[in-house]
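# Survey of secondary and tertiary structure
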There are 2 protein chains.
Amino acid sequence: MARDSSRRRRTVGTLSQLPWRQHRNPYGPIEVLNAEQLEKIHDASLRILEEIGMEFLDAEALALWRDAGARVEAGSQRVRFDRALILELVAKTPPSVTLHARNPAHNLTFGGDHVAFGSVASAPNVSDLDRGRRPGNFEDYCNLLRLTQSLDIVQFLAGYPVEPADLPPTTRHLDAHYAAITLTDRIWHPYSLGRHRIADAVEMMCIARGIDKARLKAEPSLFSIVNSNSPLRLDGPMLQGLMEMARAGQPVVLTPFTLSGAMCPATIAGALAQQNAEALAGIALIQLVAPGCPAMYGGFTSNVDMKSGAPAFGTPEYVRAAMAGGQLARRYNLPYRSSNACAANAVDAQAAYESEMSIWGAVMGGANMVMHGAGWMEGGLVASFEKLIVDAEMLQMMAEFLQPIVVDEDTLGLSAIAEVGPGGHFFGAAHTLARYETAFYAPILSDWRNFENWRLAGAKDTAQRANEIWKQLLAEYQKPPLDPAIDEALEAYVARRKEEGGVPAA
Amino acid sequence: MARDSSRRRRTVGTLSQLPWRQHRNPYGPIEVLNAEQLEKIHDASLRILEEIGMEFLDAEALALWRDAGARVEAGSQRVRFDRALILELVAKTPPSVTLHARNPAHNLTFGGDHVAFGSVASAPNVSDLDRGRRPGNFEDYCNLLRLTQSLDIVQFLAGYPVEPADLPPTTRHLDAHYAAITLTDRIWHPYSLGRHRIADAVEMMCIARGIDKARLKAEPSLFSIVNSNSPLRLDGPMLQGLMEMARAGQPVVLTPFTLSGAMCPATIAGALAQQNAEALAGIALIQLVAPGCPAMYGGFTSNVDMKSGAPAFGTPEYVRAAMAGGQLARRYNLPYRSSNACAANAVDAQAAYESEMSIWGAVMGGANMVMHGAGWMEGGLVASFEKLIVDAEMLQMMAEFLQPIVVDEDTLGLSAIAEVGPGGHFFGAAHTLARYETAFYAPILSDWRNFENWRLAGAKDTAQRANEIWKQLLAEYQKPPLDPAIDEALEAYVARRKEEGGVPAA
């Protein structure tokens, strides 16, 4: 007698939510390219790398390529590659990587049919219904970390949820990392902006887990996104960060920033060919630095509004590109990253339908890592407290959709159907009562009351209800336990590095 | 050099929208049941029909079943069936049906990989931002027909978009049918509430198309939804309508009203088994009346909120049931109907995310007919003018998602990538300029302006923008052409039938 144990709810404070679990996609991805189309894009991307090449704005990276036999153009930073070299290097990447959180219950595997959802990341602004839209700051940064920790469906920190721009740039990452480690017990993401920030993240994560760098290499904890400066360029700070991550054995997600019509051709096929070229070249460099280092393939192709140049997300082009990106990643046995993106300016219907399109594109595109899972608005310019709650509900619904239907004598319920008979009802049936608590998904945000009851309760729309929920979660937030000795060591590290002046100013 | 001709836009009044087309799903459906699970549900549903049986509240239907060899319980309306009888009858149903609109450009095929989107149907109330929520009436009924006619993505009338409750019940259908025929040139839907309304619809559609009943049988125009009174019952008026439709060769969509936890077991498997039993028994009766008559399999399984009993839609259970329903329909080679359903009370984020879940469940569940495609709210209690526009945008996005990616030398754009080179941009490239007008999906509702421009333009949310769009569409509405002689004949038919008193009062 199978019973769906996954449906047991976890109650944090007064919010009943789905329990933490590693989600899997049992249905297999949607394939929007046929085999021939996939090979054409594969071939075109290798022709791009052979014939057009790519710029690496870093002397060390150029030297590595030269030594590996790539053709570095004299007096330039342009590199051209034989396809065999690229494919041989990419093939060294493991098909899957498990990242180790400081709380092992929050480890996550990226690869195969696994899918994990992350927070909003890297927004310069922050917004909520009470205080409106404002520049990023450390207080909001910390509150967004607390909300991530409170919501089991937001499984990892995808970056700084908002830029804490009120902190000095040279030491900002130290405070940001310390907060990520202490306010959450989840996987987090340091920025690949030069080697020093990565080096500090590695040191701090070793302290947090009480391990050395060899063990951190064997059991990676950190990941970092590297966006190529499309078209066909990787800049110096990104490359330095990428190489530092590779040396530490921590995975980089190589995500070309290919907005179709602006940074790549105004066709999905052209955008994908260029995305694939940039992703493969970056991943190949990781393998050149550290053969066998985990890495991931990131897809972020969307399109601009051709009239205004404004970026658009969750569009029909975006969804198909997200799914095709998954096919490309799987062609090379690479874990795949996609996003929950939208362009909307308000937490309204557009925000929801654009995000739903992105979430379906990601999950049914076979993404293992869904960046910007909760809170992303305005094409990434704002982290919204209310959107974070709306997204959490949408992600929970998707996670439940991924639970296979249980079909057995008990769930088929023929005895209940016989007992109730034609024209009866099932409210009071024993079969129903036995499932009263766990039969169906219970929402955190959706309001299913009838119109009259909803009106009497204040006719609150979804954004207003989300506003109440995030405040409740913050009021009930509890810091995850941390050994005081580790906390002290982390504080001491931050203090010492601040005294040293942090990282060199850009 | 392939160019995507489907992207050419149609401009109606001042609104630029996707052109009319018969949509197809090139990607194949998502299968949430494995083969063994599908067979278990199939078998359970036949056991229900064999062992528990179903009630048919109509003497004529009972006589038909008795003559066919089914076991009619003495002194009762309960019928039990051998599985061979049911399967043999169901197998007579054609796998696909083309419905003929009075404008042949708006014919639609239901079956195979075709998918068509219909209007909201059967709401008792109507709502818009200006006038709020009010009971259904003929003026709003007509305006919702005009909007359907104005939006090419809303391809057929799924029923009365709202009940014109201010018209007398015995003649209401005559005015409703006349408006459907004259204000639109689309396929429409008479209600199976007794035989007389169907008979009037058949007569009026023959007049509208200038054909006789034999030709209408060969080229059907009408469809009707029959919801079984779950559990396991079909009422008299529905059965009379169903049989009249079958005799006229017009398809009925047999859609069990299986709300899990109320009208069927509180498990997806049990709900599907019961849905399948009811759908197969109803379709079998159609074939008993008129072997080879087109018919469709409808899936409407959702769940109630176990705490309040309130129906929920677009839930994770709903989506999986919609997709599993498609698998069941395809098992019997039947066209499949699903819906765009939501429970939300406002045109907000919840309305959009519940509807997106339903739309993905329908389209990727392999539905051929999507009922309630545009305007459905509150679990069907309201037709909303603003939601209709939000849905039209979501359906257009889904339709564009279904356009296969074109991969050829031209779209791969390697010459453009070479021309632009590393670090450049594609705005001015010839490859981009050649696609300026048609490269990407252009929304009717989504606002992609940046926050500052959006704020300066009044910070209108999606519902407010939708409000402006439907008013604009109504102001620009043009009645589709109709031969004045046909119009006169229709008017005369309505006048005569009104003089006769319409249909017998219930």
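Here the residue index of a chain counts from 1 through its sequence in written order. By the order in which they are written, chains take letters starting at A while ligands take numbers starting at 1. Reporting of local features is limited, given that this is a predicted model, to residues whose pLDDT is at least 70; pairs of side-chain atoms are given and counted only at 80 or more, and all residues count toward the totals for whole chains, interfaces and linings. No hydrogens and no water enter the side-chain calculation; it runs on all heavy atoms of the structure.

This paragraph deals with the overall build of chain A. Along its length, chain A carries 18 helices and 22 strands. Here the globule rule is a power law, 2.2 Å times the number of residues to the power 0.38, and the radius of gyration is based on C-alpha atoms. In terms of C-alpha radius of gyration, chain A reaches 24 Å, essentially the compact-globule figure of 23 Å for 506 residues. Overall, the C-alpha framework of chain A stretches about 85 × 55 × 50 Å when taken along its three principal axes. Looking at chain A residue by residue over its 506 residues, the buried ones come to 67%. A contact between two residues is defined here by any heavy atoms of the two lying within 4.5 Å. The long-range share in chain A, meaning contacts at least 24 apart out of those at least 6 apart in sequence, stands at 75%. Throughout, the Shrake-Rupley method with a 1.4 Å probe supplies accessible areas, and for residues the shown protein chains are the sole cover considered. Accessible surface, chain A: about 15,800 Å² in total, of which carbon and sulfur atoms supply 53%. A run of DSSP states H or I qualifies as a helix once it reaches four residues; a run of E qualifies as a strand once it reaches two. Both are numbered from the N-terminal end. The cut-offs for exposure are 20% and 50% of the maximum accessible area for each residue type, with area from a 1.4 Å probe on protein chains only; residues under the lower value are buried, those over the upper are exposed, and the others partly exposed.

Residues and elements named next belong to chain B. Along strand 10 (residues 125–128), one buried face is formed by Asn 125 and Ser 127 and the opposite face, lined by Val 126 and Asp 128, is buried too. Relative to strand 22 (residues 382–384), strand 10 runs parallel, the two being bridged by three bridges. The residue of strand 22 that forms the bridge with Ser 127 is Ser 384. In this structure, strand 10 lies alongside strand 11 (residues 132–135), joined through four bridges in antiparallel fashion. What sits directly across from Asp 128, in strand 11, is Gly 132. Whether two strands pair depends on DSSP finding at least two bridges between them.

On to the packing of helix 8 (residues 236–247) of chain B against helix 9 (residues 268–289) of chain B. Residues and elements named next belong to chain B. Two elements in contact, helix 8 and helix 9, have axes separated by 9 Å at closest approach and are oriented at 45 degrees. In terms of axis orientation, helix 8 runs oblique to helix 9. Crossing angle aside, the handedness with which helix 8 passes helix 9 is right-handed. Residue-level inspection shows Leu 239, Leu 242, Met 243, Ala 246 and Arg 247 of helix 8 in contact with helix 9, the latter providing Gly 282, Leu 285, Ile 286 and Val 289. Angles run from 0 to 180 degrees between N-to-C directions of axes, and those axes are lines fitted to C-alpha atoms, restricted for helices to the stretch in contact. Orientation labels follow simple angle bins: below 35 degrees gives roughly parallel, above 145 gives roughly antiparallel, 65 to 115 gives roughly perpendicular, and whatever is left gives oblique. By convention, the crossing between two helices is left-handed when the near helix turns anticlockwise from the far helix through less than a right angle, and right-handed when the turn is clockwise.

What follows covers the sheet that holds strand 22 of chain B. All names here are of chain B. Reading across the sheet, the four strands line up as 11-10-22-21 and stay open at both edges, with mixed pairing between neighbours. Strands at the two margins of the open sheet, each flanked by one partner only, are strand 11 and strand 21 (376–377). The sheet contact formed by strand 21 and strand 22 spans two bridges and is antiparallel. Following the sheet pairing, Met 377 is matched in strand 22 by Val 382.

By nonpolar core is meant a set of buried Ala, Val, Leu, Ile, Met, Phe, Trp, Tyr and Cys residues that side-chain atoms within 4.5 Å join together. The biggest cluster of nonpolar side chains holds 337 residues, and the ones touching the most others in it are Phe 56 and Trp 65 of chain A together with Phe 56 and Trp 65 of chain B. Discounting chain neighbours no more than four positions away, the residues touching Trp 65 of chain A are Phe 56, Ala 70, Val 72, Val 79, Phe 81, Leu 85, Ile 86, Leu 89, Ala 281, Ala 284, Leu 285 and Leu 288 of chain A.

In this section: the environment of Leu 222 of chain B. Residues and elements named next belong to chain B. Within the fold, Leu 222 resides in the loop between helix 7 (213–218) and strand 12 (224–226). Of the residues examined, Leu 222 reaches a relative accessible area of 0% and is grouped as buried. Remark: the alpha-carbon pair of Leu 222 and Ala 101, spanning 121 residues in sequence, is separated by 8.5 Å. If we ignore the near neighbours within four places in the chain, the residues touching Leu 222 are Leu 99, Trp 188, Pro 190, Ala 201, Val 202, Met 205, Met 245, Gln 250 and Pro 251.

Moving on: the side chain of Thr 171 of chain A. Within the secondary structure, Thr 171 of chain A sits in the loop between helix 4 (138–150) and helix 5 (172–183). Residues contacting Thr 171 of chain A, with those up to four places away along its chain left out, are Lys 498, Gly 501 and Gly 502 of chain A.

In this section: the pattern of salt bridges. Side-chain pairs of opposite charge can arise where the charged atoms are in close proximity. Salt bridges are defined by distance alone: a side-chain nitrogen of Lys or Arg within 4 Å of a carboxyl oxygen of Asp or Glu. Within the structure shown, the criterion is met by 78 salt bridges over all chains. Linking Arg 131 of chain A and Asp 128 of chain A is a salt bridge whose minimum nitrogen-to-oxygen distance equals 2.9 Å. For Arg 131 of chain A, a relative accessible area of 42% gives the class partly exposed. On the basis of relative accessibility, which here comes to 2%, the residue Asp 128 of chain A falls in the buried class. Two residues, Arg 331 of chain B and Glu 39 of chain B, come together in a salt bridge whose shortest N-O distance is 2.7 Å. Of this pair, Arg 331 of chain B sits in helix 10 (residues 316–331) while Glu 39 of chain B sits in helix 1 (residues 35–52), and the two are 292 residues apart along the sequence. Put simply, Asp 43, Arg 47, Glu 50, Glu 51 and Arg 83 of chain A together with Glu 409 of chain B are held in one network by salt bridges that share partners.

Our focus in this paragraph is the confidence of the model for chain A. As a general rule, the predicted coordinates of low-pLDDT regions are not to be interpreted in detail. What pLDDT expresses is the predictor's confidence in each residue, scored from 0 to 100. Mean pLDDT for chain A: 96, with 98% of residues reaching 70 or above. Here residues 1–6 of chain A is a poorly scored stretch, pLDDT under 50, and it has twelve contacts once near neighbours within four places are set aside; other chains count.

A word on the interface of chain A and chain B. With 108 residues of chain A at the contact, the number on the chain B side is 108 residues. Put simply, buried area is the surface a 1.4 Å probe can reach on two separate parts but cannot reach once they are joined, added for both. Between chain A and chain B, the buried area comes to about 9,400 Å², and carbon and sulfur atoms account for 70% of it. On the chain A side of the interface with chain B, the three residues burying the most area are Ile 405, Phe 440 and Trp 448 of chain A, jointly 9% of the side's total. For the pair chain A and chain B, the interface holds two salt bridges. Residue Arg 47 of chain A pairs with Glu 409 of chain B through a salt bridge whose shortest N-O separation is 3.3 Å. Side-chain atoms alone can form a polar contact between residues adjacent in sequence; in general such a contact is a pair of N or O atoms within 3.5 Å, and within protein one must be able to donate a hydrogen while the other accepts it. Counting across the interface, chain A meets chain B through 34 residue pairs in polar contact (both at pLDDT 80 or more). Looking at the side of chain A that touches chain B, the element that brings in the most residues is helix 11 (residues 349–363) of chain A, giving eight residues. Amino acids are sorted into nonpolar (Ala, Val, Leu, Ile, Met, Phe, Trp, Tyr, Cys and Pro), charged (Asp, Glu, Lys and Arg) and polar (every other residue, Gly among them). A per-class count over the side of chain A that touches chain B returns 59 nonpolar, 25 polar and 24 charged.

A word on the relation of the copies chain A and chain B. Of the two same-sequence chains, chain A is brought onto chain B (RMSD 0.0 Å, axial shift 0.0 Å) by a rotation of 180 degrees. The two molecules are tied by a two-fold rotation axis, judged by turn and shift. The rotation axis passes nearest to the C-alpha of Ala 349 of chain A in chain A, at a distance of 2.1 Å. Residue by residue, 100% of the interface of chain A is reproduced at the interface of chain B, so both copies engage with the same surface. Superposition of the copies used a least-squares fit over C-alpha atoms from residues whose pLDDT is at least 70 in both.

What follows is about the sheet that holds strand 3 (residues 23–24) of chain B. Residue and element names in this part refer to chain B. A sheet is described by the order of its strands in space; here seven strands give the open sequence 3-9-20-19-16-14-12, paired in mixed fashion. Two strands bound the open sheet, and with one partner strand each, they are strand 3 and strand 12. The pairing of strand 12 with strand 14 (residues 252–254) spans three bridges and is parallel. Bridged to Val 226 within strand 14 is Leu 254. Its contacts with the sheet place helix 12 (residues 385–401) against strand 3, strand 9 (114–119) and strand 20 (369–374), and it is angled at close to 140 degrees to strand 20.

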